[in-house]
Amino acid sequence: MRFQTFLTAVISLTIGVNAYWLEDVKHQGVAPFAGDGYTVFRNVKDFGAKGDGTTDDTDAITKAMNSPDNRCLQGCASTTTTPAVVYFPSGTYLISSSIVPPYFTQLVGDPTDRPVLKGTADFKGFGLVDGNPYYTENLNWISTNVFYRQMRNFVIDTTGIAPATAATGIHWPTSQATSLINIEFNMPTDPSVIHVGLFIESGSGGFMSDLTFNGGATGASMGNQQYTMRNLVFNNAQTAIIQLWSWGWTYIGLQINSCQTGINITAGGSDALNVGSITVIDSAFKDTPVGIATAFQTGSKPDTGASVILENLSLSNVPTAVQGPSGSILEGGSTTIAGWGQGHQYTPDGPSTLQDTITPNTRPASLTTDSGYYSRSKPQYEDLTASDIVSARDSGAKGDASTDDTKALQDAINSAASGNKVLFLDYGIYKVTSTLSIPSGAKIVGEGYPIIVASGDAFSDMSNPKPLLQVGANSGDQGQVEFSDFVVGTQGPAPGATLIEWNLASAAGTPSGMWDVHARVGGFQGSNFQVAQCPKNPGSSTVDANCIGAYMQMHVTEKATNLYMENTWLWTADHDIEDSNNTQITVYSGRGLLIDSTVGNFWLVGTAVEHNNLYNYQFVNTKNIFASMLQTETPYYQPTPDATEPFPVVTALSDPDFKTSCAGVSGNCANAWGLRIVDSSDIFIYGAGHYSFFDQYSTTCSTVDAGENCQARIVSLEGSTSNVNVYALNTIGSLSMIDQDGKSLAKWQDNVNVFPANVILFRTS
């Protein structure tokens, strides 16, 4: 099959067709625990798919995804051991039943000429692509545990299916570290159409970007805990978006054209609203009678559910911007809504209910472009050829989870950067025993989420921490670096490991970037932090030193600046992904994401940080941060041990001192902060979900009946902090939603929303 792929590439070049480099490079990824001969990369044409628009390619595509027979499908809870990248060259692939990607699968099309997946007239299935099938009455995979999958560069076409026949483009109930990118959905525009482009009914997302929906009854019908969605375009749908339910949802760069309704958030009706909050910024609605439909009566004051923020929303021929069941709440027309909101707000003037225009955030010029906040879609380097790519495996790295790959990887990184080439990190688990230095100019792209793991004595000393990846040798070094599609973690005890240290100061016009780059501490084969090594032990304050997995997940240092992070999940595992029951484990990581750059200018787009001992996000002595739909969870083992163990307070890092700050505070005070902001200014958060579900592995504490008492506090502002702006703050399980200098500013019981408590607008002076 590799010969066939090579031959296809040679023929393409011979006849003058420029194939995408991913199709042409040698594929030699290694899955260390999948068995001999396991192949990570699969080209569907090597399995018989024609892509000629007339042949039924369903069986060939299914064979490409499912071979060999040890991939994780029906009845398999989850696994990282059998990854796959399934590649589709350009063409039109007819399918007559659902394509079901197994767990840990990436579907990748040629971005230079996107392949078309087209349903036949007699198509059967729930989605041309079914990301989580119903083999029984339940989803095959628990949707909140579906991680590490993506689909990019496709056209999904249901126009061959009769308009009045139910059809769905993609069914995608998934969670963190998943994405849909650069996909077009084409559906009939007949008035009888009942097609849906994208359907999501559950999960804990997530991120999507650069999706276009043409036609259909509904472009996207979606319910999930939280999401960031960027650059979604809807044309000629009856309803662009139906929000089935949500806790928090942020839309950036949304375009809705010639639809009857833009966003419908009426689910459940005014007596039982299901949508917690939505935030829409830097967006445009055109030729659409109703922009947003809510379940609130005109002029009512919302108390629970359906909280809304609109900022920089352009309307062109939109008669009603926001409509309740009995008429307009906000008139539209052709105008720009600078700011509008409904829900509960907390400002320097105190708490109040809101359903009115608001003063929009004053955005620093350093965070914006002419169209809004700066953003950049994941680079796929379409203009490059195979000769521009340097393979980690060709450079001598093994990726077998046991060989020390430090020198080989460092040589490959240096070679690629100095030659202005891209380092292709073939799939594998790369063991590294000392710091990898990432020079300016480096571009690293992973194949199917390979993992670089810190291992050994260099990362063993908590009093002398060392980075696994050091981007720039010294804080303030000039240059640019781009990372995409790989994972960093640890193998065995690593109490002194900082997984990523970011020192680079990039130019204002060319920020550095991380796209689909994740940290995973424990919970996977090859980590040595699984059920066998680190079982949960509720009620025990004894810390197993062999289960301390990291000192810090990521540190952005004092002089670093201009870094864009998109769909980055920094996760300390709460369960064993390889275990058939997803059994919980106890692994310790000291700190999540620390930004203490005094220069500022950072964009956190669809990021999440979970289960770190002291805090998940911490911003100290910094400024100019844009963030959309931050998501955190407190470690499940807390408060026994609590956050005072096993990581001592490091003053140089401005660590929280729980022993001091918890004096006189009732409840579980010494639990990890979801977000801590200290001596910082100009912080702009467009959606946040900070959750504390557990007390010593019991979820009883997170219910309304129990009084949301898993922990006392979860978001903290401290010191000379100013101009902090938070839209759509959602918390679960914390008595106080937000504190300033030890004083609670908002309590959960005053802001009950759907499942989380919600404050739609919070501002400091």
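Residues numbered from 1 in each chain as written. Predicted model: local features only at pLDDT ≥ 70, side-chain atom pairs only at ≥ 80, totals over all residues. Heavy atoms only, no water.

**Things to note about the overall build of the chain**
Logical step 1: From N to C terminus, the chain includes five helices and 48 strands.
Logical step 2: Its C-alpha radius of gyration of 25 Å places the chain within 12% of the 27 Å reference for a compact globule of 765 residues.
Logical step 3: Projected onto its principal axes, the C-alpha coordinates of the chain cover approximately 70 × 65 × 50 Å.
Logical step 4: Relative to its full complement of 765 residues, the chain shows a buried share of 64%.
Logical step 5: Contacts in the chain between residues far apart in sequence, at least 24 positions, make up 72% of those at least 6 positions apart.
Logical step 6: Carbon and sulfur atoms make up 48% of the accessible area of the chain, which amounts to about 23900 Å² in all. (Helix = DSSP H or I, 4+ residues; strand = E, 2+ residues; numbered from the N terminus. Rg over C-alpha atoms; globule rule 2.2 N^0.38 Å. Buried < 20%, exposed > 50% of the residue type's maximum accessible area, 1.4 Å probe, protein only. Contact = heavy atoms within 4.5 Å. Areas by Shrake-Rupley, 256 points an atom, 1.4 Å probe, with all protein chains shown as cover.)

**Focus: the nonpolar core**
Logical step 1: Core analysis: the biggest nonpolar cluster contains 132 residues, and Ile452, Phe483 and Trp502 have the highest contact counts within it.
Logical step 2: Excluding residues that lie within four positions of it along the chain, Phe483 makes contacts with Ile438, Ile444, Leu469, Val471, Trp502, Gly513, Met514, Trp515 and Val517. (Core = buried A, V, L, I, M, F, W, Y, C linked by side-chain atoms within 4.5 Å.)

**Notes on the state of the cysteines**
Logical step 1: Counting across every chain of the model gives four disulfides.
Logical step 2: Put simply, Cys72 and Cys76 are joined by a disulfide, and their sulfur atoms are 1.9 Å apart. The sign of the S-S torsion, about -100°, decides the handedness of the disulfide formed by Cys72 and Cys76: left-handed.
Logical step 3: Assessed through its relative accessible area of 1%, Cys72 is described here as buried.
Logical step 4: Here Cys534 is linked by a disulfide to Cys547, with a sulfur-sulfur distance of 2.1 Å. The sign of the -100° torsion about the S-S bond sets the Cys534-Cys547 disulfide as left-handed. Of this pair, Cys534 sits in the loop between strand E33 (512-521) and strand E34 (548-556) while Cys547 sits in the loop between E33 and E34, and the two are 13 residues apart along the sequence. Exposure class is identical for Cys534 and Cys547. Each is buried.
Logical step 5: Each bonded cysteine of the chain gets a number by its place in the sequence, and the pairs then read 1-2, 3-4, 5-6, 7-8. (Disulfide = S-S within 2.5 Å.)

**Quick word on the packing of aromatic side chains**
Logical step 1: Scanning the entire structure with this criterion turns up 38 aromatic pairs.
Logical step 2: Measuring from centroid to centroid gives 5.1 Å for Phe88 and Phe154, while their planes differ by 80°, and the two rings are edge-to-face. In this pair, Phe88 is assigned in strand E3 (residues 84-88) and Phe154 in strand E7 (residues 149-157), connecting sequence segments 66 residues apart.
Logical step 3: When the centroid spacing of 4.4 Å and the interplanar angle of 5° are considered together, the rings of Phe185 and Phe213 count as stacked. On the criterion of sequence distance, the pair formed by Phe185 in strand E9 (residues 178-186) and Phe213 in strand E11 (residues 207-214) is long-range, its members being 28 residues apart.
Logical step 4: A relative accessible area of 0% means that Phe213 is categorised as buried.
Logical step 5: Each residue in the set Phe104, Phe147, Tyr148, Tyr427, Tyr449, Trp569 and Trp571 is aromatic and connected to the rest through ring pairs, giving one cluster.
Logical step 6: We note Arg520 situated over the ring of Tyr148; from NZ or CZ to the ring centre the distance is 4.6 Å.
Logical step 7: Over the ring of Phe524 we find Arg520; its NZ or CZ atom is 4.4 Å from the centre of that ring. (Phe/Tyr/Trp six-rings, centres within 6.5 Å; stacked < 30°, edge-to-face > 60°. Lys NZ or Arg CZ within 6 Å of the ring centre and 35° of its normal.)

**Details of the environment of Ile156**
Logical step 1: Summarising the element assignment, Ile156 is placed in strand E7.
Logical step 2: Sequence-wise, Ile156 and Ser179 are 23 residues apart; in three dimensions their C-alpha atoms are separated by 16 Å.
Logical step 3: Excluding anything up to four places from it in sequence, Ile156 contacts Leu117, Leu128, Met151, Gly169, Ile170, Ile183, Glu184, Phe185 and Asn186.

The values are spatial; any link to function lies outside them.
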